[in-house]
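Coordinates in review
If you want the building blocks of each chain, they are given just below.
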Amino acid sequence: MAAQAAGAAFEKDIHHDPKQKPQKVCVLGGGNFGTAMAFLAASKSHSVRWYCRDATQAATITSTRRNPRYLSDIELPEGLEATADVAEALEGATLVISALPAQATPHFIEKHRGDIPSHAIFCCTSKGLYLEEGCFLSEAMLRAFQRPQTLAFLSGPSFARQICERHPTALVCASAKLADAVQVQFALSSKRFRVYASQDTVGVELGGALKNPLAIGAGMIEGAGFGINTLAAFVTRATRELTVLCVAMGGRPETISGLAGVGDLMLTAFGDLSRNRNCGLRLAKGESLDTILQSCTVEGVPTASVAKAFATKCNLDLPLFTAVAMILDGRLQVEDALDHLMSRPLGTEVPLL
């Protein structure tokens, strides 16, 4: 009954928002987060076209208002239409929300840029660096567009299922022009889903990507049997390393103190649904990395080496990032990491002026 009441309050709020006019929204990607984004956009009475690669999946979504492959128990709102035709999904869209895998996004843009309206905001929800070139995802996306295109990045602590179950959730949307971030903010926000606006695209991108290898480290701690003392110390120092690297790459420290940094790190380090945390747990219990990667995608594994490369480029000493990267590439054993880190030279918590 409580869940039904919460849902009713959500519905009433989102359909009577005088500040937001319905618009044409395209959602790309038929997975968990694509489902959550389509759910949100349709709940706000936007006209939603949802691109799913599989035609049978798309037809089932349109006819039954359920995604048969992901979150299949969630009933989707009225007002959305799924299609396997990219051009049909994108036609006339003023807001494109991409929930495609990070590594597939530039290739998708390159192939379909002619179908993506040049005036639309292209809002990316994927969290990752572009591994093929070792660069920001935004850089690879703009090269793929081969033209000016407004980009926005939506990030923060959010499991797709809990969004669809209407758990109160807060994220941040960053775009180079604040007005564009605000447009996404008003398009998606409600009493159960709050979006903050930002211009720090660097901080939001890095926070979303680099917390993943750190969450693997948190999982290793838990899997090794250490308690909350150890985990709290790790997450605190990991936040510092994330902040240092973000600022060195051109981001703002306040962003890492917010939803895209600390918020997303806590979700990924502590959440039972986190693939990165569970990877660390399984590694600490003796499973091989190859076996783990055969069963699921773990974003933090390839990102760890890119994070280490960024740190090296900036001449930064980031021992936690380094230790996780060394464990993942086989140069350090999980059971030896404790001595490796705790035997480092003593020093001040923060640099003295």
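Scroll up for the structure.
Here Ser98 shows up in strand S4 (residues 95–98). A distance of 3.5 Å separates the side chain of Ser98 from the backbone nitrogen of Leu100, its partner in a polar contact.

Located in the positive-phi region is Arg166, a residue other than glycine, with phi close to 70 degrees. Secondary-structure assignment places Arg166 in the loop between helix H7 (160–164) and strand S7 (169–175). Assessed through its relative accessible area of 19%, Arg166 is described here as buried. In this structure, Asn315 takes a positive phi of about 55 degrees despite not being glycine. Here Asn315 shows up in the loop between helix H15 (300–313) and helix H16 (319–328).

Applying the stated rule across the entire model yields 16 salt bridges. In this structure, Glu165 engages Arg161 in a salt bridge whose closest nitrogen and oxygen atoms are separated by 3.3 Å. Taking the relative accessible area as the measure of exposure, Glu165 reaches 39% and is therefore partly exposed. Here Arg277 and Asp272 are joined by a salt bridge, their closest N and O atoms 3.7 Å apart.

Let us look at the packing of aromatic side chains. According to the stated counting rule, one finds three aromatic pairs in the structure shown. Seen from their ring centres, Phe122 and Phe145 are 5.5 Å apart, and the 80 degrees between their planes marks the pair as edge-to-face. Of this pair, Phe122 sits in strand S5 (residues 121–124) while Phe145 sits in helix H6 (residues 137–145), and the two are 23 residues apart along the sequence. Here Phe122 and Phe145 have matching classes, each one buried. Plain terms: the ring middles of Phe136 and Phe310 are 6.1 Å apart, the flat faces sit at 25 degrees to each other, and that makes the pair stacked.

Rules used throughout
Residues numbered from 1 in each chain as written. Predicted model: local features only at pLDDT ≥ 70, side-chain atom pairs only at ≥ 80, totals over all residues. Heavy atoms only, no water. Helix = DSSP H or I, 4+ residues; strand = E, 2+ residues; numbered from the N terminus. Polar contact = N/O pair within 3.5 Å; in protein donor to acceptor, adjacent residues only side chain to side chain. Buried < 20%, exposed > 50% of the residue type's maximum accessible area, 1.4 Å probe, protein only. Salt bridge = Lys/Arg side-chain N within 4 Å of Asp/Glu carboxyl O. Phe/Tyr/Trp six-rings, centres within 6.5 Å; stacked < 30°, edge-to-face > 60°.

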